[in-house]
Amino acid sequence: MRLLLSIMLRSSLLAALLLLPSLPAAAAGDPCAGQSPDRCWAFRCPPAGTQVAASDGSSVEYLGVVAGDPRICRARASAPGGGPPEEISLVFGVMFWGSRGDVEAERRAEADRIAPFFPARPGHSITISTPSSRTTWSLRGIAVENTPVGRRRVVRITQRFEQPIPGQPLTIELTTYALDAETGAVIGGEVETRRGREVSREPAPAMTRFTVPAERR
């Protein structure tokens, strides 16, 4: 979960760059009804009480949705090595925001920008551009996989961030989020950084615990 927390913290910095006009929010209801679960995935916040822990000692407990906006999840996160948990909110389950009370408008604007990506379908992507950067959201795939807690249907979403800097090699940061399709919880991921010809990858620590409230099992 250290990777998960670093992914979300990194995303919070990117959010400040995406100062574009708000786009329409995703339609209500289930837009994937009647479609193959491997061809369409509609986001929903994990049910309150869902918990994910990783081998580095970090953990996330989901607390439900932010009142009035089901695109934003409430959570309590603990960093690697212990320490007091931090109340956070997650735009579409992945974009991190702190618990300050003055960020509501910014969180909602960020949700508006990402909303056109959902429901996630193969071949569908959106790109958000500013004068200095470009971020592209795309679906890498939906499939049943073996996980440390058994076979689960996993949704893999990628976030590609580019910010050209004159006189320096182009740096591309490709973040892959692995989400549990049933609950929407982040259960893994990877960050790949490409700087010129150099490529580095940081996989998420192994998931060691994943508990879901009984009514969702």
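See the structure shown above.
Quick notes on the rules
- Residues numbered from 1 in each chain as written.
- Predicted model: local features only at pLDDT ≥ 70, side-chain atom pairs only at ≥ 80, totals over all residues.
- Heavy atoms only, no water.
- Helix = DSSP H or I, 4+ residues; strand = E, 2+ residues; numbered from the N terminus.
- Buried < 20%, exposed > 50% of the residue type's maximum accessible area, 1.4 Å probe, protein only.
- Contact = heavy atoms within 4.5 Å.
- Areas by Shrake-Rupley, 256 points an atom, 1.4 Å probe, with all protein chains shown as cover.
- Phe/Tyr/Trp six-rings, centres within 6.5 Å; stacked < 30°, edge-to-face > 60°.
- Pairing = 2+ DSSP bridges.
- Axes fitted to C-alpha atoms, helices over the stretch in contact; angles between N-to-C directions.
- Core = buried A, V, L, I, M, F, W, Y, C linked by side-chain atoms within 4.5 Å.
- Disulfide = S-S within 2.5 Å.

(A) Summary view of the overall build of the protein. Helix and strand content of the protein: two helices and twelve strands. Each helix (α) and strand (β) of the protein, taken in turn from the N terminus, gives the series α-β-β-β-β-β-α-β-β-β-β-β-β-β. Here the protein holds 217 residues, and the buried ones make up 48% of them. Taking the intrachain contacts of the protein between residues at least 6 apart in sequence as the baseline, contacts between residues at least 24 apart amount to 49%. Summed over its atoms, the accessible surface of the protein is roughly 10500 Å², and 52% of this surface lies on carbon and sulfur atoms.

(B) Focus on the packing of aromatic side chains. Taken as a whole and assessed by the stated rule, the structure comprises seven aromatic pairs. Centroid distance Phe 43 to Phe 118: 6.0 Å. Interplanar angle 50 degrees. Geometry classified as tilted. Of this pair, Phe 43 sits in the loop between helix H1 (2–15) and strand E1 (51–54) while Phe 118 sits in the loop between helix H2 (104–114) and strand E6 (125–129), placing them 75 residues apart in sequence. Overall, Phe 118 belongs to the buried group, its relative accessible area being 12%.

(C) Just the environment of Ala 115, in detail. Following the sequence through the fold, Ala 115 ends up in the loop between H2 and E6. In sequence terms Ala 115 and Arg 71 are 44 residues apart; their C-alpha atoms lie 8.3 Å from each other.

(D) Focus on the pairing of strand E9 (residues 171–180). Across the ten residues that make up E9, a large majority, nine, are buried. Judged from the nine bridges that link them, strand E8 (residues 150–162) and E9 form a sheet pairing that is antiparallel. If you follow Arg 160 over to E9, its bridge partner there is Leu 174. By the bridge criterion, nine bridges tie E9 to strand E10 (residues 186–195) in an arrangement that is antiparallel.

(E) Focus on the sheet that holds E6. Taken together, six strands build an open sheet; the order of strands is E6-E7-E8-E9-E10-E11 and the sheet is antiparallel. Only two strands of the sheet have a single partner each, and these edge strands are E6 and strand E11 (198–203). Neighbour-to-neighbour, the strand axes of the sheet open up by a mean angle of 20 degrees, direction not taken into account.

(F) Region of interest: the nonpolar core. Within the largest apolar cluster, 42 residues are counted, with the highest numbers of intra-cluster contacts made by Trp 41, Tyr 62, Phe 92, Phe 117, Phe 118, Trp 137 and Ile 157. The leading source of residues in this core is strand E3 (residues 69–78), at four residues.

(G) Representation of the state of the cysteines. Tallied over the full model, the rule gives two disulfides. Sulfur-sulfur distance for the disulfide between Cys 32 and Cys 40 comes to 2.0 Å. Negative torsions about the S-S bond denote left-handed disulfides, and the value of about -70 degrees found for Cys 32 with Cys 40 makes this one left-handed. Neither Cys 32 nor Cys 40 differs from the other in exposure class; each is buried. A sulfur-sulfur separation of 2.1 Å characterises the disulfide bridge that pairs Cys 45 with Cys 73.

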